[in-house]
Amino acid sequence: MNFQLPIPILGFAAYSGTGKTTLLEVLLPKLTEAGLRIGMLKHAHHNFDVDKEGKDSYRLRKAGASQMLISSRNRFALMTETPEAESEFEYLLTRFDTDKLDVILVEGCKNIAFPKIELHREVVGKPWLYPSDDNIIAIAADTEVTDSELPQMNINDLDAISAFVVDYVNRQANPVVTKSEGACCDTLSPAFLSVTQGQEKILSMVNRVEGTEACAMFDASGRVLSDDVISPVNVPQYTNSAMDGYAIRGEDIGLAEYQVVGEVMAGYAHNAPLLAGQAVKIMTGAPTPVGVDTVIMREQSSQQGDIVTFNAEIKVGQNVRQAGEDLAIGAAVFSQGQRLASPEMGMLASLGFGECTVFRKLKVAVFSTGDEVQAPGTEQKENSIYDSNRFTIMGMLQALGCEILDYGIIEDNEDLMIQALEEASQNADVVMTSGGVSVGDADYIKLALDKLGQIDFWRINMRPGRPLAFGQINNKPFFGLPGNPVAVMVSFINFVEPALRKMQGEVDWQPLKVNAVATENLRSRQGRTEFSRGVYELDSRGQLTVRTTGKQGSGILRSMSEANCLIEISPSVDTVKVGESVTIIPLQGRI
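As the structure is a computational prediction, the values presented were derived from the model and not from experiment.

S.K.: Describe the overall build of the chain, with residues and values.
M.R.: When its secondary structure is counted, the chain shows 11 helices and 36 strands. Expressed as a percentage of the 591 residues in the chain, the buried residues total 44%. When the accessible area of the chain is evaluated, it comes to approximately 31,100 Å², of which 48% is carbon and sulfur surface.

Here's what the structure looks like:
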């Protein structure tokens, strides 16, 4: 779990049919007799209702109350409707009043990482859970296992199970504290960084690029503003009609008819003020005459000669947009750090800006390494591979608006690599390569990096993309991405893109993440973040759904072309079942 409860939590994990509820029903009295105050969380895969049909609370909830709290002298209950997505496990735990409990017991949720007792009956015919779940701390079964050192109890020996739970709660409430170098809070083992830890460490070590430039508006897409933008004009610049129709004075409302004394087209004006009982025909966007504050739409009007009548109720001020109503002179439009896209470009142009001041383009040096790598477009040599990763990286850099310095392929020669890295770090803001960063790799680039800079070689708890190198060469950030094609893209999205956006001057950028319903079972391994290539779409009911692209090997580059999202499975989950919610990261515009 990603947060710490003030009291112990213990689950009872088993397949359907094992008798979890029956066991707990007779176990709970023994635990309460032992003095434990117990909170109980039960997870159900099916729909359920805790209220009786016909009761007042049931009727009110069905009538539309998304949260229904019912209270009596003996108890209260809050029922919350969650039609969009199933509530997160950690959120549900926060609903308990832990000041009044000693332990929270959980029935179900066997795919989530937290301490659990496995319940097992041979007659059910299901496989054991403990071989693939490190969070199981004991086994209660009707048979004995010989390949595990976990504590074992007979599933029918309720006194033994009760004693184990009581002992577990006491041990958790009074832990034996031991100190070791590996357990120190200030020490992060480079072999076990989470995705979030890696992102935070990288972001803390990169800074916004220095230098700005003027950019013509037609060339501003993707650039980042280096200054706040203040409106030099009112928007709208003058009071105008929001409809095609007739403009009158508000004080004349109620007259039987009006004399039409002119027509105002967009881009023109009626300069004479209107007199009592007069009207002007007016087009959308045209300025209203002096003293005119009301417009009646054409469809509610009837004109005969120069006389117009209206067949609708009229309110003073209707269908008129006031000067500065959308934006007043001197008002803030955009802040420094705003990345410009078509809406921002249009807004700036509407204010009269022909250019804007932006941070200069980020220069990123890219190269590939290895004698086995050869340039595409040449006849393939024996025992060689075409260089795909460099072009993958350059495509993603182009999408971010970076200036790319392509150093091509550097052969396995330490002196040449040192020379290339030196030159790249002098000419670019960031240096990037792929391959040669796995633990155990004997790569020339490692030798060169050791002599030139401060580089850390990390193992990230994720798949694909576990190996990652990051550090400084001549005070310039260096990224060493994995060698597998898909791992390159997943690592770039998770670690490189956030850092480059910060260096470009973009402020507080966060990737878009949304929930979708899985249409197939998704497997992961607890303890690491799993990124699968996926395809999301809206089903016939308007529900966002997602499926994988198929085989998920980290060398299957085609799957990234077929995908429109990454499916992110957190370290606490090992299975997402059909119909359950999962996080997706849309990829449009990012790769």
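S.K.: Quick rundown of the side chain of Asn-494? Include the residues and the values.
M.R.: Its location among the elements puts Asn-494 in helix H10 (residues 485-503). If we ignore the near neighbours within four places in the chain, the residues touching Asn-494 are Val-195, Gln-199, Met-462 and Phe-531.

S.K.: For the nonpolar core, give the residues involved together with the corresponding values.
M.R.: Leu-397, Met-432, Phe-479, Leu-481, Phe-492 and Leu-500 are the most contacted members of the largest nonpolar core, which has 41 residues in total. Contributions of two or more residues to this core are made by helix H5 (195-204), strand E21 (363-369), helix H7 (389-399), strand E25 (430-434), strand E28 (467-473), strand E29 (476-481) and H10. The greatest single-element share of this core, amounting to 11 residues, is contributed by H10. When residues of this core are assigned to domains, at least three fall in each of domain 4 (363-504) and domain 5 (514-586). Setting aside residues no more than four positions away along its own chain, Phe-492 makes contact with Ile-393, Met-396, Leu-397, Leu-400, Met-432, Leu-481, Glu-497, Pro-498 and Leu-500. If you look at the next biggest cluster of nonpolar residues, it comprises 24 residues, including Leu-41, Val-106, Ala-516 and Leu-544.

S.K.: Could you give an account of the pattern of salt bridges, with specific residues and numbers?
M.R.: Per the counting criterion, the structure on display carries 20 salt bridges. Here Glu-213 makes a salt bridge to Arg-223, at a shortest N to O gap of 2.5 Å. Residue Glu-213 is located in strand E9 (residues 212-216), and its partner Arg-223 is located in the loop between E9 and strand E10 (229-230); the two are separated by 10 residues in the primary sequence. Glu-213 gets classed as partly exposed once you look at its relative accessible area, which sits at 32%.

S.K.: Report on the sheet that holds strand E26 (residues 453-459), specifying residues and quantitative values.
M.R.: Strand order in the open sheet formed by 6 strands is E24-E21-E25-E29-E28-E26, with mixed pairing between adjacent strands. The open sheet is flanked by strand E24 (403-410) and E26, the only strands paired with a single partner. Geometrically, the sheet is characterised by an average inter-axis angle of 15° between neighbouring strands, direction not taken into account. By the bridge criterion, 6 bridges tie E21 to E24 in an arrangement that is parallel. When the bridges of E24 are listed, Val-366 appears paired with Asp-406. Contacts from helix H8 (residues 414-427) reach E21, E24, E25, E28 and E29, with the element oriented near 175° to E24.

S.K.: Kindly report on the sheet that holds strand E12 (residues 245-248), identifying the contributing residues and their values.
M.R.: Spatially, E15-E12-E14-E13-E17-E16 is the arrangement adopted by the 6 strands of the open sheet, whose pairing is mixed. The two strands at the open ends of the sheet, each matched to only one other strand, are strand E15 (294-297) and strand E16 (301-304). Looking at each pair of strands side by side, their axes are set apart by 40° on average, direction ignored. Relative to E15, E12 runs antiparallel, the two sharing 4 bridges.

S.K.: Explain the packing of helix H1 (residues 20-33) against helix H4 (residues 158-173) to me, using residue names and the numbers behind them.
M.R.: Two elements in contact, H1 and H4, have axes whose closest approach is 10 Å; the angle formed by their N-to-C orientations is 60°. Of the possible angle classes, the one that applies to H1 and H4 is oblique. Taken as a pair, H1 and H4 cross one another with a handedness that is right-handed. Where H1 approaches H4, its residues Leu-23, Val-26, Leu-27, Lys-30 and Leu-31 are matched on the opposing element by Leu-158, Asp-159, Ile-161, Ser-162, Val-165 and Val-166. In terms of residue class, the contact of H1 with H4 is made up of 8 nonpolar, 1 polar and 2 charged.

S.K.: Mind laying out the side chain of Thr-18, listing which residues take part and the relevant values?
M.R.: Inspection of the secondary structure assignment puts Thr-18 in the loop between strand E1 (9-13) and H1. At 2.7 Å, the side chain of Thr-18 and the backbone oxygen of Tyr-15 are in polar contact. Residue contacts for Thr-18: discarding those within four places in its chain leaves Leu-119, His-120, Arg-121, Val-124 and Ile-155.

Scoring rules and cut-offs
- Residues numbered from 1 in each chain as written.
- Predicted model: local features only at pLDDT ≥ 70, side-chain atom pairs only at ≥ 80, totals over all residues.
- Heavy atoms only, no water.
- Helix = DSSP H or I, 4+ residues; strand = E, 2+ residues; numbered from the N terminus.
- Buried < 20%, exposed > 50% of the residue type's maximum accessible area, 1.4 Å probe, protein only.
- Areas by Shrake-Rupley, 256 points an atom, 1.4 Å probe, with all protein chains shown as cover.
- Contact = heavy atoms within 4.5 Å.
- Core = buried A, V, L, I, M, F, W, Y, C linked by side-chain atoms within 4.5 Å.
- Domains from an automatic or database assignment.
- Salt bridge = Lys/Arg side-chain N within 4 Å of Asp/Glu carboxyl O.
- Pairing = 2+ DSSP bridges.
- Axes fitted to C-alpha atoms, helices over the stretch in contact; angles between N-to-C directions.
- Parallel < 35°, antiparallel > 145°, perpendicular 65-115°, else oblique.
- Left-handed = near helix turned anticlockwise from the far one by under 90°.
- Nonpolar A, V, L, I, M, F, W, Y, C, P; charged D, E, K, R; others polar.
- Polar contact = N/O pair within 3.5 Å; in protein donor to acceptor, adjacent residues only side chain to side chain.

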